[in-house]
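# Observations on chain architecture
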Amino acid sequence: MERLRRLSVYLTALPLLAFAPGGCRAPDAPRSVLLISVDTLRADHLGAYGYARNTSPVIDRIASEGVLFEQAIVQWPVTTPSMASMFSGDYPHVTGVVIAAGDNVLPTRLFMLAEAFRQRGLHTRAVVANCVLGRQNRFAQGFEVYRELWKDGGDEELRIDARHVTDAALRELAQLASAGEPFLLWVHYVDPHFPYDPPAGYAEAFVGDATYRRIDAPVNPDDDPWRGIPKDRYERAGEVSDLGRYIAAYDGEIRYTDEQIGRLIDALDASSAGADTLLALVADHGESLGEHDVYLNHGHVAYEEQLHVPLIFRWPDQ
C-alpha cells in the first residue's frame, strides 16, 4: 500500500485522472469513477488507519489494493460546506457556504464535479441519503440522474438506511455498466451520523470487547454538545450516560455501512465496468466522541477528530 503524507486533496482532480487534456482519453486512464462518500466517518475508526476494532474489513481491503492518503483534511467539519468544497475545488470563503443546511444554497457560479465529467462526455448519476445534499441546495448540478432517497416512499429511516442506499446504487450501476459508456456514479451513505442506531447485533458486537471501556460522562441539560452528552441524544439513547456505549454504537454503524459498501464493490468488480473504473472513497467530516469536551456531534471545532477523514483510491491492477 502506498501511503502519502500531509495531503489535503480536492476530488475535482478526478476528471484529470479519467481524461487527458483536450478531451482525449489517456491510454492508461480509467474510463469511469465510482465515488463513495460516507457521512460522519472518522478516519481513526477504520482498521486501515490503525483502529483496533474490526469496523471496516471491506474498506481495509480496498485500501490494501489501492492508495491510502494518511492526512486527508476536510475544509469544514459539516456536510454542506465540506461537500461544496470537495465538488467545486474552492475554499468555503470562496464558495460562501459556511453553515450546515437550511437555506444554504450553492452559488450558480460554482463549477461542480459532475459538470466537469459531463463536459467530458461521461454519464453522471447520484444516489444520496442526506437531505442537506438535495436539489434544493443545488448539489444536483451536472447530474443526469439524482436519487434523493429521503423522498422515496415508506419509513424515512429505512429510506436512508445503508442497505437501501446500496440497493438503489446497484440499480444505477447495472444500467450504467450495461450501457458500456464511461460514467461518474456518486453514492453517499449517512448511517454513521447520530443517532448511532445500527441494526441489532452491530453495536452489541463491540460492547465488552477488548477495546471497550465504560466512560461515565456528564449530561448537558441544554442540548449542547459542549461539556457533556446533549440532552436530546441522552434521551433518545434511553438515558445512557456511558460514553463507551455510544462509541460502540457509532462503530457498529461503521461496520454495517462497510458491509453494504462491500455489496456495491462486489457488484462493480463483477460487472463489465469493474476493471476500468476508479473507486474513490471519502467522508465529508468526522465526529467528536467526547474529545476536547465535545460530545457526539460535529461542526463546532477544528480538531483532528472532526477534520481527518479517510481518502482511498483503487483502480484494479494499477
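The model shown is predicted, which means the values in this text are computed figures rather than measured ones. (Residues numbered from 1 in each chain as written. Predicted model: local features only at pLDDT ≥ 70, side-chain atom pairs only at ≥ 80, totals over all residues. Heavy atoms only, no water.)

## Thoughts on the layout of surface pockets
The calculated volume of the second largest pocket comes to roughly 350 Å³. If you trace the second largest pocket, you find 18 residues lining it, with Y196, A203, A237, R245 and A249 closest to the centre. Sorting elements by how many residues they give to the lining of the second largest pocket places helix α9 (residues 243–270) first, with four residues. In terms of residue class, the lining of the second largest pocket is made up of 13 nonpolar, one polar and four charged. (1 Å grid on protein atoms, 1.4 Å probe; cavity = no way out; pocket = protein on both sides within 12 Å on 5 of 7 lines; lining within 4 Å. Points joined across faces, edges and corners; volume = space filled by probe spheres on them. Helix = DSSP H or I, 4+ residues; strand = E, 2+ residues; numbered from the N terminus. Nonpolar A, V, L, I, M, F, W, Y, C, P; charged D, E, K, R; others polar.)

## Structural notes on the pairing of strand β5 (residues 123–128)
Every regular strand shows the same layout, with side chains that alternate between the two sheet faces. Counted residue by residue, β5 has five buried out of six residues, so it is predominantly covered. Relative to strand β6 (residues 145–148), β5 runs parallel, the two sharing four bridges. Within β6, the position partnered with V127 by the bridge is R147. (Buried < 20%, exposed > 50% of the residue type's maximum accessible area, 1.4 Å probe, protein only. Pairing = 2+ DSSP bridges.)

## Some thoughts on the pattern of salt bridges
For the structure shown, the criterion picks out 20 salt bridges. For R53, the salt bridge is made with D209, and the minimal N-O distance between the two is 2.9 Å. Here D209 lies in the loop between β7 (183–189) and β8 (219–220) and R53 lies in the loop between β2 (32–38) and α2 (57–65), a separation of 156 residues in the sequence. For R53, a relative accessible area of 5% translates into the label buried. Among the residues examined, D209 registers a relative accessible area of 23% and is labelled partly exposed. Of the charged contacts in the structure, one is a salt bridge between D232 and R233, with a shortest N-O distance of 3.3 Å. (Salt bridge = Lys/Arg side-chain N within 4 Å of Asp/Glu carboxyl O.)

## Topic: the confidence of the model for the protein
Per-residue confidence for the protein gives a mean pLDDT of 90, with 89% of residues at or over 70. Here residues 1–27 scores under 50 on pLDDT; set against residues more than four positions off or in separate chains, the count is 70 contacts. (pLDDT = per-residue confidence, 0-100. Contact = heavy atoms within 4.5 Å.)

## Focus: the packing of helix α7 (residues 162–179) against α9
At a closest axis distance of 9 Å, the pairing of α7 and α9 adopts a crossing angle of 10°. Between α7 and α9, the angle is such that the two are roughly parallel. Across the interface between the two elements, A162, R163, T166, D167, A169, L170 and L173 of α7 pack against Y256, T257, Q260, I261, R263, L264, A267 and L268 of α9. Per-class residue counts for the contact of α7 with α9 are nine nonpolar, three polar and three charged. (Axes fitted to C-alpha atoms, helices over the stretch in contact; angles between N-to-C directions. Parallel < 35°, antiparallel > 145°, perpendicular 65-115°, else oblique.)

## Section: the pairing of β2
With seven of seven residues buried, β2 is to be regarded as a mostly interior element. Of the two faces of β2, the one lined by S32, L34, I36 and V38 and the one lined by V33, L35 and S37 are each fully buried. In this structure, β2 lies alongside strand β10 (residues 277–283), joined through seven bridges in parallel fashion. Among the inter-strand pairings, S32 is bridged to a residue of β10, identified as T277. By the bridge criterion, six bridges tie β2 to β7 in an arrangement that is parallel. Paired with V33 across the bridge in β7 is L184.

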